[in-house]
Amino acid sequence: MKIIKTSAAMQKLATDLKSRQKQTGFVPTMGFLHEGHLSLIKKAREKNQIVVVSIFVNPAQFGPKEDFGNYPRDLRRDLKLLAGYADYVFVPAANQIYKKDEKLTISIEGMNSCLCAISRSNHFAGVALVLTKLFNIIKPGRVYFGQKDYQQTVVVRELIRDFCFGISMVVCPIVREADGLAMSSRNSRLSKKQRLAAVILYRALLLGKDLIKSGDKNPDSIIDKMKNFLQQEKLARIDYVDILDAKNLHRIKSIGTGQIVIALAVYFGKTRLIDNILLRP
Ligand code: AMP
């Protein structure tokens, strides 16, 4: 496994791999790796000759009041976990990705009005910008993302299509702790009490699923019941609970036969956790 720190070196390597027709699978991450990240990397290992993992806490996707400074980081531990799975780990400093006098940004108008985009207004524009750069530097044939960040997968699918990247996207299932909590780097920021309480996220999603299975077709009433359930947990503060068309994240009046996503974001203290489930009723 080789660690690469500069964009120039990574780009040179990617060009060389491409000229030798090596298929590259790429897994972008912000580090502080866990089994969820490793599931993506193992999946990439199955189908690609070369696996590149990036570790970059992207400042552009954090709002001024968000946890960029506090985001958990432990590069030494991450590199140990990656040995044996990744061929190359791209670990750029911010000045390798962003120049002082950048003039272009990415606008994702029309995709920026639901779920996480409401409380994190520039988040997905920041995600799209860094991924555009990383895709151009690493030149992968396939990229791997987790369903955990469901809205991100919808934005990335559009990004790849609209900007003609010619990359295949693979979306991998959510890896959970034994009690159902979705694995997340941010879980390490929870106190013991908050960690125990956080199991309510997955339970609320299962409640939504059960209501739909038992014939409830009204998204608003299901959302209300899920919110009431979440509010029983005093440590939880709801950001959103929503039920949307899984394909385009449009609002639905009634639950029909198309695939839907039940998604939520909840704060425990300053730590904001997200989770979702996909359903085809
Ligand atoms: P992050 O480091 O949080 O930016 O995540 C990097 C990638 O790992 C994203 O595509 C996430 O969706 C994915 N990921 C994070 N947590 C999980 C999880 N529990 N299960 C599956 N994929 C995950």
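Scroll up a little and you will see the structure.
Below is a summary of the structure that appears in this document. Owing to the predicted nature of the structure, the values given are computational and were not obtained by experimental measurement.

Analysis parameters
Residues numbered from 1 in each chain as written. Predicted model: local features only at pLDDT ≥ 70, side-chain atom pairs only at ≥ 80, totals over all residues. Heavy atoms only, no water. Pairing = 2+ DSSP bridges. Helix = DSSP H or I, 4+ residues; strand = E, 2+ residues; numbered from the N terminus. Axes fitted to C-alpha atoms, helices over the stretch in contact; angles between N-to-C directions. Salt bridge = Lys/Arg side-chain N within 4 Å of Asp/Glu carboxyl O. Buried < 20%, exposed > 50% of the residue type's maximum accessible area, 1.4 Å probe, protein only. 1 Å grid on protein atoms, 1.4 Å probe; cavity = no way out; pocket = protein on both sides within 12 Å on 5 of 7 lines; lining within 4 Å. Points joined across faces, edges and corners; volume = space filled by probe spheres on them. Nonpolar A, V, L, I, M, F, W, Y, C, P; charged D, E, K, R; others polar. Parallel < 35°, antiparallel > 145°, perpendicular 65-115°, else oblique. Contact = heavy atoms within 4.5 Å. Core = buried A, V, L, I, M, F, W, Y, C linked by side-chain atoms within 4.5 Å.

**Some points on the sheet that holds strand β8 (residues 260-268)**
- Reading across the sheet, the 3 strands line up as β7-β8-β9 and stay open at both edges, with antiparallel pairing between neighbours. Because the sheet does not close on itself, it has two edges, and the strands there are β7 (236-245) and β9 (271-279). If you compare each strand with its neighbour and ignore which way they point, the axes differ by 15° on average.
- Relative to β8, β7 runs antiparallel, the two being bridged by 9 bridges. Bridge pairing in β8 places arginine 237 opposite tyrosine 267.

**Digging into the pattern of salt bridges**
- By the definition in use, this model includes 15 salt bridges.
- Ionic pairing is found between aspartate 67 and arginine 186, a salt bridge with its closest N-O pair at 2.8 Å. Taken together, the residues span a long stretch of sequence, with aspartate 67 in the loop between β3 (50-55) and α3 (75-82) and arginine 186 in the loop between β6 (168-172) and α8 (192-197) at a distance of 119 residues.
- What makes arginine 186 buried here is its relative accessible area of 15%.
- Among the salt bridges present, the one from arginine 272 reaches aspartate 239, with a minimum N-O distance of 2.9 Å. Of this pair, arginine 272 sits in strand β9 while aspartate 239 sits in strand β7, and the two are 33 residues apart along the sequence.

**Let's talk about the layout of surface pockets**
- Looking at the second largest pocket, its volume works out to about 490 Å³.
- Residue lining of the second largest pocket: 25 residues in total, with Gly110, Met111, Val154, Val155 and Glu158 positioned closest to the centre.
- When residues of the lining of the second largest pocket are assigned to their parent elements, the largest contribution, 9 residues, is made by helix α7 (residues 150-162).
- Residue classes in the lining of the second largest pocket are distributed as 12 nonpolar, 6 polar and 7 charged.

**Topic: the packing of helix α1 (residues 7-19) against helix α6 (residues 123-138)**
- Relative to each other, α1 and α6 sit at 50°, their axes nearing to 7 Å. The pairing of α1 with α6 is recorded here as oblique in orientation. Contacts from Ser7, Met10, Gln11 and Ala14 of α1 reach α6 at Asn136, Ile137 and Ile138.
- For the contact of α1 with α6, the residue count by class is 4 nonpolar, 3 polar and no charged.

**Quick word on the nonpolar core**
- Formed by 48 residues in total, the largest nonpolar core has its most connected members in Leu131 and Phe135.
- The element contributing the most residues to this core is α6, with 11 residues.
- Those residues within four positions of leucine 131 in sequence are excluded, and the remaining contacts are Pro28, Phe145, Val156 and Leu159.
- The next biggest cluster of nonpolar side chains, apart from the first, holds 27 residues, and it includes Leu181, Leu190, Leu211 and Ile252.

**Regarding the sheet that holds strand β2 (residues 24-29)**
- Spatially, 6 strands are ordered β1-β4-β3-β2-β5-β6 in an open sheet, and the strand pairing comes out parallel. Only two strands of the sheet have a single partner each, and these edge strands are β1 (2-4) and β6. Averaged over all pairs of adjacent strands, the angle between strand axes in this sheet comes to 25°, irrespective of strand direction.
- Of the strand pairs in this sheet, β2 and strand β5 (residues 142-146) are connected by 2 bridges, and their pairing is parallel. Along β5, the bridge assignment pairs phenylalanine 26 with valine 143.

Everything listed is a geometric property; what it means functionally is a separate question.
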